[in-house]
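# Observations on chain architecture
Listed here are the chains, written in short residue letters.
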Amino acid sequence: FELLQEVRGTGEAVVFARSATTGGQRFPVHWGGDNRSSFESMAESLRGGLSLGLSGFGFWSHDIGGFEGLPPAALYKRWVAFGLLSSHSRLHAMSSYRVPWTFDEESVAVLRHFAQLKCRLMPYLFAQALLTVQTGVPMMRAMFLEFPDDPACETLERQYMLGERLLVAPVFSAAGEVSYYVPAGTWTQLLSGEVIVGPRWVREIHDFMSLPLLVRPNSLIPFGGVTSRPDYEYAENVRLVLYALDDGAAAEALVPTLQGGLALRACARREGERITLRVEGAQASWDLLLAGMKDVAAVEGGIAAVVDQGVLITPVANELRITLLL
């Protein structure tokens, strides 16, 4: 680490390791070692990673598709979705390439889809990464870390929270069957917009372009405007998406700079039929999407339009006052 820091400069050194002992969490980027190309090993990788996170390590990932052996196309595509929704993502193997066009054409589309999704999620993901650095709480975390009072979360090992607000349940089967647990509240499927009210267990079948990716209730998620790379100015053309804000609840989104500073802060609060959103950030360009809403009664400080995903509000001021249709 010291050599890399000397060559690259302060704040630019990263050690990517698979072995560690006490104190190794200070050099935080790790992966799970030489896994196998099987659904069983994919599930074992998640189980081991959650254990590592509970041991003080903030960032962890895995070789997408498995390191040893040649994965069938179905396994590769399922692992791609899991891998791109990890803290960091790597296509790597021992004796064969993990580029998608060596599997089939659909693998190319699947990798493109989830890579672009991760790029759009980078304002959220980078903010969560900074939180991990500040607090030590892992970026990929076992469910009971976020829901310690829910006994159903104590032993869950096939799903995780990606930061504070996103629930991910990888699909460990070629046919797409998946079973996962949803804690209390109104959760929203990020990819489809479907609403799921917990607490409950859910069984679903997903194609290769999807998996259970749920947004926690009372969330304000920033989506970036770039899909071609992960490092860009996150506050430029950022879309703030508000999910299932309960009466009396508040939600906050922090959009960082690439240097770890704060480019934009947005706070939403609901009181009855009124939602107030305040945004701080002089260089930011943003809009607001009320996910799943059919319409609103009125907007002060912006212009509303109904779109497929909800109600999109283009601001003319840094404070919006939205009156809901109840």
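Just above, that's the structure.
Residues numbered from 1 in each chain as written. Predicted model: local features only at pLDDT ≥ 70, side-chain atom pairs only at ≥ 80, totals over all residues. Heavy atoms only, no water.

### Some words on the overall build of the protein chain
- Along its length, the protein chain carries five helices and 19 strands.
- The globule rule puts the C-alpha radius of gyration for 326 residues at 20 Å, and the 20 Å found for the protein chain is close to it.
- Oriented by its inertia axes, the alpha-carbon framework of the protein chain measures out at about 60 × 50 × 40 Å.
- Sorting the 326 residues of the protein chain into buried and exposed places 50% on the buried side.
- Counted over contacts in the protein chain with a minimum sequence separation of 6, partners at least 24 positions apart contribute 60%.
- Carbon and sulfur atoms provide 51% of the accessible area of the protein chain, an area that totals close to 15,400 Å².
- Measuring between centres, the 27 positive side-chain charges of the protein chain sit 1 Å from its 35 negative side-chain charges. (Helix = DSSP H or I, 4+ residues; strand = E, 2+ residues; numbered from the N terminus. Rg over C-alpha atoms; globule rule 2.2 N^0.38 Å. Buried < 20%, exposed > 50% of the residue type's maximum accessible area, 1.4 Å probe, protein only. Contact = heavy atoms within 4.5 Å. Areas by Shrake-Rupley, 256 points an atom, 1.4 Å probe, with all protein chains shown as cover. Lys, Arg positive; Asp, Glu negative; His and termini not counted. Charge placed at Lys NZ, Arg CZ, Asp CG, Glu CD.)

### What to know about the sheet that holds strand E2 (residues 29-31)
- Read across the sheet, three strands follow the order E1-E2-E3 without closing on themselves; strand pairing throughout is parallel. Edge positions in the sheet fall to strand E1 (16-17) and strand E3 (59-61), since each of these pairs with one other strand and no more. (Pairing = 2+ DSSP bridges.)

### Some details on the sheet that holds strand E18 (residues 310-315)
- Here we have five strands laid out as an open sheet, ordered E10-E11-E15-E18-E17, and mixed in their pairing. At either end of the open sheet lies a strand with only one pairing partner, and these are strand E10 (219-223) and strand E17 (302-307). If you compare each strand with its neighbour and ignore which way they point, the axes differ by 25° on average.
- By the bridge criterion, four bridges tie strand E15 (residues 286-291) to E18 in an arrangement that is antiparallel. The residue bridging leucine 289 from the neighbouring strand is leucine 312, located in E18. (Axes fitted to C-alpha atoms, helices over the stretch in contact; angles between N-to-C directions.)

### What about the pairing of E17?
- Note that E17 and E18 share six bridges and pair antiparallel. Within E18, the residue paired with glycine 302 across the bridge is proline 315.
- Once E17 ends, the chain turns through two residues before running back antiparallel as E18.

### Section: the packing of helix H3 (residues 73-84) against helix H4 (residues 105-135)
- At a minimum axis distance of 9 Å, the contact between H3 and H4 shows a crossing angle of 5°. As far as their axial angle goes, H4 and H3 are roughly parallel. The residues of H4 that touch H3, namely those facing Ala73, Tyr76, Lys77, Val80, Ala81, Gly83 and Leu84, are Glu106, Ser107, Val110, Leu111, Phe114, Ala115 and Lys118.
- Here the residues of the contact of H3 with H4 sort into nine nonpolar, two polar and three charged. (Parallel < 35°, antiparallel > 145°, perpendicular 65-115°, else oblique. Nonpolar A, V, L, I, M, F, W, Y, C, P; charged D, E, K, R; others polar.)

### Thoughts on H4
- In this model, H4 (31 residues) spans 42 Å end to end at C-alpha, consistent with the 45 Å of a helix rising 1.5 Å per residue.
- Capping the start of H4 is the job of one residue whose side-chain oxygen sits 3.3 Å from the backbone nitrogen of glutamate 106: aspartate 104.
- Following H4 by one or two positions, glycine 136 adopts a phi angle in the positive range, close to 85°. (Expected span 1.5 Å × (residues − 1). Polar contact = N/O pair within 3.5 Å; in protein donor to acceptor, adjacent residues only side chain to side chain.)

### Re the environment of leucine 54
- Inspection of the secondary structure assignment puts leucine 54 in the loop between helix H2 (39-53) and E3.
- Here leucine 54 falls in the partly exposed class, since its relative accessible area comes to 42%.
- For the pair formed by leucine 54 and methionine 140, sequence separation is 86 residues and the distance between their alpha carbons is 9.8 Å.
- When residues no more than four places from it in sequence are discounted, the contact partners of leucine 54 are Ala142, Phe144 and Leu145.

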